[in-house]
Number of protein chains: 2
Amino acid sequence: MKLSTKGRYAVMAMADLARFGGDRPVTLADIAARQEISLSYLEQLFARLRQGGLVTATRGPGGGYRLTRSPQETRVSDIILAVDEPIKTTRCDIASPKGCTGTQARCLTHDLWEELGHQIHVFLAGVSLADILEKRVLGRASVGAALPATGPVGTVSLGSSATS
Amino acid sequence: MKLSTKGRYAVMAMADLARFGGDRPVTLADIAARQEISLSYLEQLFARLRQGGLVTATRGPGGGYRLTRSPQETRVSDIILAVDEPIKTTRCDIASPKGCTGTQARCLTHDLWEELGHQIHVFLAGVSLADILEKRVLGRASVGAALPATGPVGTVSLGSSATS
DNA sequence: GATTTCCTGAGTGGATCAATCAAGAAATTG
DNA sequence: CAATTTCTTGATTGATCCACTCAGGAAATC
């Protein structure tokens, strides 16, 4: 899961769409004006969002974009994955442990980035556009709320090697 | 909390330092060879790590770098904060909500990025270099493990507006 | 004083970002 | 049909940052 300002713009635009899009589709020009994002840049973003099935488009006067699913069913993680490039695999990146067994001298930190990516993904997958509009985001727990607290900070806990 | 490959390199180098640095300091040339990072680039990173008080340097033959504190006391979040630039404040970024009240049409997503930054920071602050070396990272919970589970995915939870 | 090692600053090629420009296709309206 | 609206696509640009290189210097040891 890559985090860039591109993904942020996409989430901003989608939140705008969720808020102002009722029965009628919303124009990119409107979103551009409200969110202060360049229209042409929005066009690029929505091309990807459309390919990802997150929005549907209608052309001509009265047209615009609509959410494919409800704000409750539209997850932030899906938005970011739709607009951002698949993770670029430089060296031993999160996605591809090429020749990295983990115990070698290099790539001691492989597990760390993998787990961090997983944390981020789980958090963003748990937030919907409806959550954003109704401001149910602050103070939210991420994952593993059921794990017993076995220590102060250096808690030991080996578990599933989930890939984000 | 900015996440870049620069921060990753720094954590890799610090993990190497924690692993191979016993009583004697470790040479940047050794770290460069083991982690396959350019020596000059390492010099830039360690200049910042030194300014941040995370490592201490010794010059001359037999010299090198040492951890200022123990691997148990050296947190990943401190490493990343030391090498990465302070967050660049483009528009309404995580750090500075300039003129962004949150309920305006623009910047609906302010709380989301703030909470995500907080999540990432708490996770990385809970991982020490010792944890990395002993592979106590996978499957680790992030924060708020004590919160009651009040729902399936769209859990409502308003709380502290901590800034990372 | 020669070697080692840290220290500092300047500069470079490439990638990506955010944006612009330009052209076109579908749909509605008059 | 003609004009307008809106999406759709592709090419291109300026700026910025990343990862790195180069060059020179300062402290410490032998």
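See above for the structure.
All figures in this text were calculated on a predicted structure; none of them were measured in a lab. (Residues numbered from 1 in each chain as written. Chains lettered and ligands numbered in written order. Predicted model: local features only at pLDDT ≥ 70, side-chain atom pairs only at ≥ 80, totals over all residues. Heavy atoms only, no water.)

(A) Quick look at the side chain of T109 of chain A. Mapped onto the elements of the fold, T109 of chain A is located in the loop between helix 4 (76-83) and helix 5 (110-125). Within the local environment of T109 of chain A, its side chain forms a polar contact with the side chain of W113 of chain A, the two groups lying 2.9 Å apart. (Helix = DSSP H or I, 4+ residues; strand = E, 2+ residues; numbered from the N terminus. Polar contact = N/O pair within 3.5 Å; in protein donor to acceptor, adjacent residues only side chain to side chain.)

(B) Just the packing of helix 2 (residues 28-35) of chain A against helix 3 (residues 39-51) of chain A, in detail. Residues and elements named next belong to chain A. Relative to each other, helix 2 and helix 3 sit at 120 degrees, their axes nearing to 9 Å. When the axes of helix 2 and helix 3 are compared, the pair comes out oblique. Pair helix 2 / helix 3 crosses with right-handed handedness. Across the interface between the two elements, L28, A29, I31 and A32 from helix 2 touch L39, L42, E43 and F46 from helix 3. Taken together, the residues of the contact of helix 2 with helix 3 sort by class into seven nonpolar, no polar and one charged. (Axes fitted to C-alpha atoms, helices over the stretch in contact; angles between N-to-C directions. Parallel < 35°, antiparallel > 145°, perpendicular 65-115°, else oblique. Left-handed = near helix turned anticlockwise from the far one by under 90°. Contact = heavy atoms within 4.5 Å. Nonpolar A, V, L, I, M, F, W, Y, C, P; charged D, E, K, R; others polar.)

(C) View of the protein's contact with DNA strand D. Close to DNA strand D lie 26 residues; Y65 of chain A together with K2, T5, S40 and Q44 of chain B are nearest. In this structure, a phosphate oxygen belonging to DNA strand D sits 2.9 Å away from a side-chain N or O atom of R50 of chain A. Here Y41 of chain B contributes a side-chain N or O atom positioned 3.4 Å from a phosphate oxygen of DNA strand D. Looking at the surface near DNA strand D, the elements with two or more residues in it are helix 3, strand 1 (55-58) and strand 2 (64-67) of chain A together with helix 1 (5-20) and helix 3 (39-51) of chain B. Split into classes, the residues belonging to the surface near DNA strand D amount to eight nonpolar, ten polar and eight charged. (Near = heavy atom within 4 Å.)

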